[in-house]
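# Topology and contacts: notes
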Number of protein chains: 2
Amino acid sequence: MEDIAKELLAGNRLALSRTITAIEEEFENATAIMQQLYPHTGHAYVLGITGPPGAGKSTLTDKIAKTFRNMGKTVGIVAIDPSSPFTGGAILGDRIRMNSLTLDEGVFIRSMGTRGSLGGLSHKTADAVKALDAFGIDVIIVETVGVGQSEVDIVKAADTTAVVLIPGMGDDIQAIKAGILEIGDIFTINKADHDGADKLATELNMMLDLDGVMKDWRPPIMKCVGNQNIGVKELVDKFEEHRAHIEANGELAKRRTERVKNELLDLLSSRIESYIRGKIVDNGKIDTMVEDIKARTTDPYTVAADIMQSMLK
Amino acid sequence: MEDIAKELLAGNRLALSRTITAIEEEFENATAIMQQLYPHTGHAYVLGITGPPGAGKSTLTDKIAKTFRNMGKTVGIVAIDPSSPFTGGAILGDRIRMNSLTLDEGVFIRSMGTRGSLGGLSHKTADAVKALDAFGIDVIIVETVGVGQSEVDIVKAADTTAVVLIPGMGDDIQAIKAGILEIGDIFTINKADHDGADKLATELNMMLDLDGVMKDWRPPIMKCVGNQNIGVKELVDKFEEHRAHIEANGELAKRRTERVKNELLDLLSSRIESYIRGKIVDNGKIDTMVEDIKARTTDPYTVAADIMQSMLK
């Protein structure tokens, strides 16, 4: 296992792949590998790209990656995809991007499925980002499909987050906009050649105004057409601008401290979940408890309290 | 606190409201109330309604509720909404539905925000469902915006789940369809008067065929136009059919056992998270750990292992 970490640090792409697989599949050696890699992290800049389904995030992310490549930077993409019942894992990303970016040695793309526990996923994403970071990649893009709390939690791991929206999203757009307002450092209206782009920009501006709080950074509202590569360079320039801004005012250091804290709590939850699983699930002890609860001779709250008392110091 | 539970059980709507607020806000008396209510649960039928943003779920849910009302049943709606940074809570549901259903004493509607931890939310949703159940409501509809893993976890709490889709969803639809295929007992194409409804039905049918596994219940693909009340009665009939089917073949009992188990694990995770918070977060102990990790004199994996050892028996 030490070999995998050493090879990754020496620039071996296959070792990087195997490391992320070990993280994803929760192989026993994953922790030991990560312990070896950790001292070599902290150099990459991490971007989050999120937004509702259908917003064209994958295409836009690819164009952003190419723009960074043209600037001489290496790029890693971690795409969080919904699980597929067919493949048991990620179904997007890799396949769609096969033609456009995979021949470039300066790009590393990996999809991660939302199979398994969610806490598990955000901690796995964080570890995958660390592996790419230790590998020496300059810019890591974490892309999530959807705008649920899970996705919000995942992009919180980013230094700078861009929210991608498109015109004409229907009824739920108000809700979506409200939910993502607090996580967007930059908003970009993709498919801006469609009807309603200006209207959406106006609405977003109003919501940002309503937000009221005087902030050091007012999230800009950009426009782009990802599949025609229109507005992408401007978006990347804005990423760089935001980065310089939060480096200068100390916000980046603050975000990274917050990230380490959240990741530690996340890792801890995940470890404790495994512990519980080992203590009461795998051995079937939980089944008796469940029967008692179902029979209503007890209740879940009492049982949970009993378990806590038996497990914790 | 006993009074709230007693009053709820006696049919006091205000007590029901206050109970759900206690659950949502994690008031200290919430657990004691739930312990009182638990023996009175298990009678309601729980429906899950999920699907991507913009699919018209809220409108459709209201129409479904009215149809059940016409059949003489009482209905509860728990709408899971994205958080708003303005209100700090749920922003949809209540307001939109104000006019159409709130005058009916046989309907109880409550929105719950995705603020706070996700584990927290699914456990809070489960408790809100139990409160409505103990109150004596016949049919409880849990409606979630989005199709992330979080939403999937939440609708897993349902006896029967309907997935709402609309024609012309764009690139991510393949991913969404795959992700939700396993949770849909019934699919319904809303806004079926729009172009592409037949194409979507064909695609869904193909995916269900590809799924391969011979199942006892082949999820039907329905069509409806929620805001015109077209196809809603047929959908409700299909809910009833599915219910009768899973009652007869033992699947309902199996699902409920699974639900009790998941809810217990969920509750336990939530409780342990609070415990950790009390032990290392609230008192600031975690800050020193975070500084050491940031300085890379240690790593998160080692720190997590140390904490585990100090906390667990």
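This is a predicted model, so every value here is computed, not measured. (Residues numbered from 1 in each chain as written. Chains lettered and ligands numbered in written order. Predicted model: local features only at pLDDT ≥ 70, side-chain atom pairs only at ≥ 80, totals over all residues. Heavy atoms only, no water.)

A few words now on the overall build of chain A. Helices and strands together make up the secondary structure of chain A, namely 13 helices and 7 strands. Looking at chain A as a whole, 57% of its 313 residues qualify as buried. Put simply, of all contacts in chain A between residues at least 6 apart along the chain, 75% involve residues at least 24 apart. Put simply, chain A shows about 12,800 Å² of open surface, and 50% of that area lies on carbon and sulfur atoms. (Helix = DSSP H or I, 4+ residues; strand = E, 2+ residues; numbered from the N terminus. Buried < 20%, exposed > 50% of the residue type's maximum accessible area, 1.4 Å probe, protein only. Contact = heavy atoms within 4.5 Å. Areas by Shrake-Rupley, 256 points an atom, 1.4 Å probe, with all protein chains shown as cover.)

The next point concerns the packing of aromatic side chains. What the rule picks out here adds up to 0 aromatic pairs over all chains. The side chain of B:Arg296 reaches across the aromatic face of A:Tyr38, ending 4.8 Å from its centre. (Phe/Tyr/Trp six-rings, centres within 6.5 Å; stacked < 30°, edge-to-face > 60°. Lys NZ or Arg CZ within 6 Å of the ring centre and 35° of its normal.)

Between side chains of opposite charge, a pair can form as their charged atoms come close. All chains considered together, the criterion is met by 36 salt bridges over all chains. Ionic pairing is found between A:Asp185 and A:Arg255, a salt bridge with its closest N-O pair at 2.8 Å. One end of the pair, A:Asp185, is in the loop between α8 (173-181) and β6 (186-189); the other, A:Arg255, is in helix α11 (residues 251-281), with 70 residues separating them in the sequence. Its relative accessible area of 8% is what places A:Asp185 among the buried residues. Where B:Asp198 meets B:Lys223, a salt bridge forms, and the shortest distance between an N and an O atom there is 2.4 Å. Of this pair, B:Asp198 sits in helix α9 (residues 197-210) while B:Lys223 sits in strand β7 (residues 221-223), and the two are 25 residues apart along the sequence. Judged by relative accessible area, which is 55%, B:Asp198 ranks as exposed. Linked through salt bridges whose partners overlap, the residues forming this network are A:Asp185, A:Glu251, A:Lys254 and A:Arg255. (Salt bridge = Lys/Arg side-chain N within 4 Å of Asp/Glu carboxyl O.)

Residues and elements named next belong to chain B. For strand β4 (residues 139-144), a buried count of 6 out of 6 residues is recorded, marking the element as mostly surrounded by other parts of the structure. Taking every second residue as pointing to the same face, both faces of β4 are buried, with Val139, Ile141 and Glu143 on one and Ile140, Val142 and Thr144 on the other. With 5 bridges joining them, strand β1 (residues 45-50) and β4 adopt parallel strand pairing. Paired with Val46 across the strands is Ile140, a residue of β4. (Pairing = 2+ DSSP bridges.)

Within the largest apolar cluster, 102 residues are counted, with the highest numbers of intra-cluster contacts made by A:Ile280 and B:Ile280. Beyond its immediate stretch of four places on either side in the chain, B:Ile280 contacts A:Leu265, A:Leu268, B:Lys285, B:Ile286, B:Met289, B:Ile307 and B:Met311. (Core = buried A, V, L, I, M, F, W, Y, C linked by side-chain atoms within 4.5 Å.)

All right, on to the side chain of A:His242 then. Residues and elements named next belong to chain A. By secondary structure assignment, the location of His242 is in helix α10 (residues 232-248). A relative accessible area of 1% means that His242 is categorised as buried. With residues near it in sequence (within four places) discarded, His242 still touches Tyr45, Asp159, Thr160, Asp185, Ile186, Trp217 and Arg255.

All names here are of chain A. Viewed as axis vectors pointing N to C, helix α2 (residues 13-24) and helix α3 (residues 30-37) meet at an angle of 130 degrees, and their least axial separation amounts to 9 Å. The angle between α2 and α3 falls in the class oblique. The element α2 and its partner α3 pack so that their crossing is left-handed. For the pair formed by α2 and α3, the contact residues are Thr19, Ala22 and Ile23 on the first element and Ala30, Ile33, Met34 and Leu37 on the second. Across the contact of α2 with α3, the residue classes break down as 6 nonpolar, 1 polar and no charged. (Axes fitted to C-alpha atoms, helices over the stretch in contact; angles between N-to-C directions. Parallel < 35°, antiparallel > 145°, perpendicular 65-115°, else oblique. Left-handed = near helix turned anticlockwise from the far one by under 90°. Nonpolar A, V, L, I, M, F, W, Y, C, P; charged D, E, K, R; others polar.)

Now for the side chain of B:Asp133. Tracing the backbone through its elements, the reader meets B:Asp133 in helix α6 (residues 118-135). Put simply, B:Asp133 is tucked away with no salt bridge, and the nearest opposite charge, on A:Arg296, sits 5.5 Å away. Among the polar contacts listed, one links the side chain of B:Asp133 to the backbone nitrogen of B:Gly42, at a separation of 2.7 Å. Discounting residues that sit within four places of it in the chain, B:Asp133 has contacts with B:His40, B:Thr41, B:Gly42, B:His43, B:Ala44 and B:Ile140. (Lys, Arg positive; Asp, Glu negative; His and termini not counted. Polar contact = N/O pair within 3.5 Å; in protein donor to acceptor, adjacent residues only side chain to side chain.)

Once that is clear, we can look at unusual backbone geometry. A positive phi angle, close to 55 degrees, is found at A:Lys191, a residue other than glycine. In this fold, A:Lys191 is placed in the loop between β6 and α9 (197-210). Phi angles above zero are rare outside glycine, and B:Arg296 is one such case at about 60 degrees. Along the chain, the position of B:Arg296 falls in the loop between α12 (285-294) and α13 (300-311).

Within the secondary structure layout, A:Val290 lies in helix α12 (residues 285-294). For the pair A:Val290 and A:Val303, spaced 13 residues apart in the sequence, the C-alpha separation amounts to 9.3 Å. With residues up to four places along the chain from it excluded, the contact list for A:Val290 reads B:Thr257, B:Val260 and B:Lys261.

Low-confidence regions, as indicated by low pLDDT, have predicted coordinates that should not be scrutinised in detail. All names here are of chain A. Residues at a pLDDT of 70 or more form 82% of chain A, whose mean pLDDT is 84. Within chain A, the element-level pLDDT minimum falls on helix α5 (residues 94-97), averaging 47, and the maximum on α10, averaging 97. Low confidence marks residues 83-95, where pLDDT is under 50. Its contacts with residues over four positions away, or in another chain, come to 38 contacts. Our summary of model confidence lists the complex with pTM equal to 0.76 and ipTM equal to 0.85. (pLDDT = per-residue confidence, 0-100.)

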